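In case you want the letters, here they are:
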Amino acid sequence: MENRVIIGGQWGDEGKGKIVDALSRDVDWVLRYQGGANAGHTIHIGKEKHVLHLVPSGILHEGVRCLLGGGMVIDPWSLRDEILALEQKGHEVRGRMHISATAALLMPYHMRLDELRESRLKRKSIGTTGRGIGPAYLDKIQRTGLRMGDLLLPAENLERKAIEKILSANEVLSEFYDAEPVPARVLAEELVVLSQFMSPMVVNPYAVLRGVREGTESALFEGAQGTMLDIDHGTYPYVTSSNSTIGGAMTGTGLGPRSLGEINGIFKAYCTRVGNGPFPSELLGEQGDALREAGGEYGATTGRARRCGWFDLVAGRYAVDVNGMTGVIITKLDVLDNLPTIQVATAYELDGQQTTTYPVLSEAVPRCRPVYSEFAGWNKPTTECRKLVDLPAAARKYLEFLEKELDTLIVGVSVGRDREQMIWTETGVTT
Ligand code: GDP
Ligand code: IMO
Ligand code: MG
């Protein structure tokens, strides 16, 4: 198996979980490299549905080893609950789960701070998932946070260190936000109890990934969020606090560029976004509502209605370039099955000029008006298609256009939420 990186090409929720699950049967490792429990990766296997937030989407294949990389922010309370829920459903997890000692530890006060900061921002709020992501990364970057490796400390030392961190978080809570402090001793004691559950899984990532580095073991890198939510390359400040783009796969695992292999971007056949921030091809009104209903576009983490719109090729080409994608996978093609016509944004009009270059500045993106090309719909179900030739001609035409304009091979097309509902097209869709 060649190594592969799975990256969201849009604003998250592109179906990365489904694709990672579909591709991970024969890999040795699935590596989550950034983000935290803000992610919601959904996998359907027959009648079973799993929504994973921290646990990598390869876990449902027996024998696949999983790593939570150092680029993540990990809430050990959520992680324990997620692991126990999977084990209750009969999946063996703890024997295969590895947690990088260098990953940041997300504490309950990070969630509280996330909530308080959002309410202070009022109309300018980001619309975060409320999982404490920004404050946890802030602690990491300002070099004041706890790390998962701290869970290996003797109980007394861990408790002392945790209390120190909690007390300084309490200062911010009370002095800056005039909010209730969190109970320091109770939390620190809980963390000590949790450390017994977590510590057998906490590893030195450099040591456990030796086989991947040397090429004797294969790895699938699982991205969370999407390119347009990346802290550096996304629609700042309406982004998450980590690098969901290709650099994150390296800094978040400690593996170098030669270990990456294929770089596959996942794109929905249309676009969605949860939370606030610019979204040039958004459809407000009935058309957006119809896409939301057809695609079941409600957040896997927060249940919020996702904003829906047409495929955006300007942002799409940008995502291909920023990540150096070697192939793309289009998901949810079936959601378009009953539409009479489909539109694609091929350029933006910005201050009276047409452009196909994504204008990176957050002041400029909200002023962009999409220029659309229109395609005929196919009005036939695609959910049973397993080969390109099974697809209606109009659907193939749509995919060929995306492939040409993204200037990258479409190596897979997903036509339903189930593991088997895939068309693999290693040589692209254009014949
Ligand atoms: P992720 O965060 O990128 O893993 O995506 P989410 O799980 O948040 O959202 C994708 C949703 O679309 C999930 O409910 C999936 O079950 C579903 N899904 C994935 N691929 C397809 C597909 O090809 N067709 C349909 N109809 N649903 C899909
Ligand atoms: P997956 O991995 C979609 C969005 C939030 C908000 C912004 C910042 O399932 O694709 P945060 O809680 O990270 O500080 O929120 O990012 N966001 C996501 N949107 N899918 C996700 O993850 C997301 N994770 C964060 O809605 O706009
Ligand atoms: Mg999701």
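The structure this text deals with has already been given above.
Residues numbered from 1 in each chain as written. Chains lettered and ligands numbered in written order. Predicted model: local features only at pLDDT ≥ 70, side-chain atom pairs only at ≥ 80, totals over all residues. Heavy atoms only, no water.

As for the pattern of salt bridges
Point 1. For the coordinates displayed, the defined rule picks out 18 salt bridges.
Point 2. Across the pair Arg65 and Glu217 runs a salt bridge whose closest N-O atoms are separated by 3.4 Å. Taken together, the residues span a long stretch of sequence, with Arg65 in strand E5 (residues 65-68) and Glu217 in the loop between helix H8 (210-214) and strand E10 (219-222) at a distance of 152 residues.
Point 3. Two residues, Arg317 and Glu405, come together in a salt bridge whose shortest N-O distance is 3.2 Å. With Arg317 in helix H11 (residues 313-323) and Glu405 in helix H12 (residues 393-406), this residue pair connects regions lying 88 residues apart in the sequence. (Salt bridge = Lys/Arg side-chain N within 4 Å of Asp/Glu carboxyl O. Helix = DSSP H or I, 4+ residues; strand = E, 2+ residues; numbered from the N terminus.)

Thoughts on the site of ligand 2
Point 1. Around ligand 2, 21 residues are found, and the nearest of them are Asp13, Lys16, His41, Thr129 and Thr240.
Point 2. Between ligand 2 and the protein, one listed contact pairs an oxygen atom with a backbone N or O atom of Asp13 at 2.8 Å.
Point 3. Asn38 places a polar side-chain atom, nitrogen or oxygen, 2.9 Å from an oxygen atom of ligand 2.
Point 4. Coverage of ligand 2 by the protein chains reaches 98% of its 550 Å² of free accessible surface. (Near = heavy atom within 4 Å. Polar contact = N/O pair within 3.5 Å; in protein donor to acceptor, adjacent residues only side chain to side chain. Areas by Shrake-Rupley, 256 points an atom, 1.4 Å probe, with all protein chains shown as cover.)

Re the packing of aromatic side chains
Point 1. Overall, the coordinates contain 7 aromatic pairs when judged by the stated rule.
Point 2. Taking 4.9 Å as the distance between ring centres and 85 degrees as the angle between the ring planes, the aromatic pair formed by Phe176 and Tyr177 counts as edge-to-face.
Point 3. Taking the relative accessible area as the measure of exposure, Tyr177 reaches 13% and is therefore buried.
Point 4. Aromatic side chains Phe267 and Phe311 sit 5.8 Å apart centroid to centroid with 35 degrees between the ring planes, which places their arrangement in the tilted category. Of the two residues, Phe267 sits in strand E11 (residues 262-268) while Phe311 sits in strand E14 (residues 311-312), which places them 44 residues apart along the sequence.
Point 5. Phe267 gets classed as buried once you look at its relative accessible area, which sits at 1%.
Point 6. For Phe311, a relative accessible area of 0% translates into the label buried.
Point 7. An aromatic cluster is present here, built from Phe375, Trp378, Tyr398 and Phe401 joined pairwise through their rings. (Phe/Tyr/Trp six-rings, centres within 6.5 Å; stacked < 30°, edge-to-face > 60°. Buried < 20%, exposed > 50% of the residue type's maximum accessible area, 1.4 Å probe, protein only.)

Thoughts on the coordination of the magnesium ion (ligand 3)
Point 1. Distances from the magnesium ion (ligand 3) to its protein donors, Asp13 (OD) and Gly40 (O), fall within 2.0 to 2.2 Å. Here Gly40 lies in the loop between strand E2 (29-32) and strand E3 (41-45) and Asp13 lies in the loop between strand E1 (4-8) and helix H1 (16-23), a separation of 27 residues in the sequence.
Point 2. Accessibility expressed as a relative area gives 21% for Asp13, which makes it partly exposed. (Donors = N, O, S within 2.8 Å, 3.2 Å for Na, K, Ca; no water.)

Topic: the sheet that holds strand E20 (residues 422-424)
Point 1. If you trace the 10 strands from one edge of the open sheet to the other, you get E9-E7-E5-E2-E10-E1-E11-E15-E19-E20, paired in mixed fashion. Each having just a single partner strand, strand E9 (202-203) and E20 make up the two edges of the open sheet.
Point 2. One ladder, built from 3 bridges, connects strand E19 (residues 410-414) with E20; its direction is antiparallel. Bridge pairing links Val413 to Ile423 in E20. (Pairing = 2+ DSSP bridges.)

What about the side chain of Thr272?
Point 1. Turning to its location among the elements, Thr272 is positioned in strand E12 (residues 271-273).
Point 2. Residue classification places Thr272 among the buried positions, given a relative accessible area of 2%.
Point 3. The contacts of Thr272, once residues within four sequence positions are left out, are Trp11, Gly12, Phe279, Glu297, Arg306, Arg307 and Cys308. (Contact = heavy atoms within 4.5 Å.)

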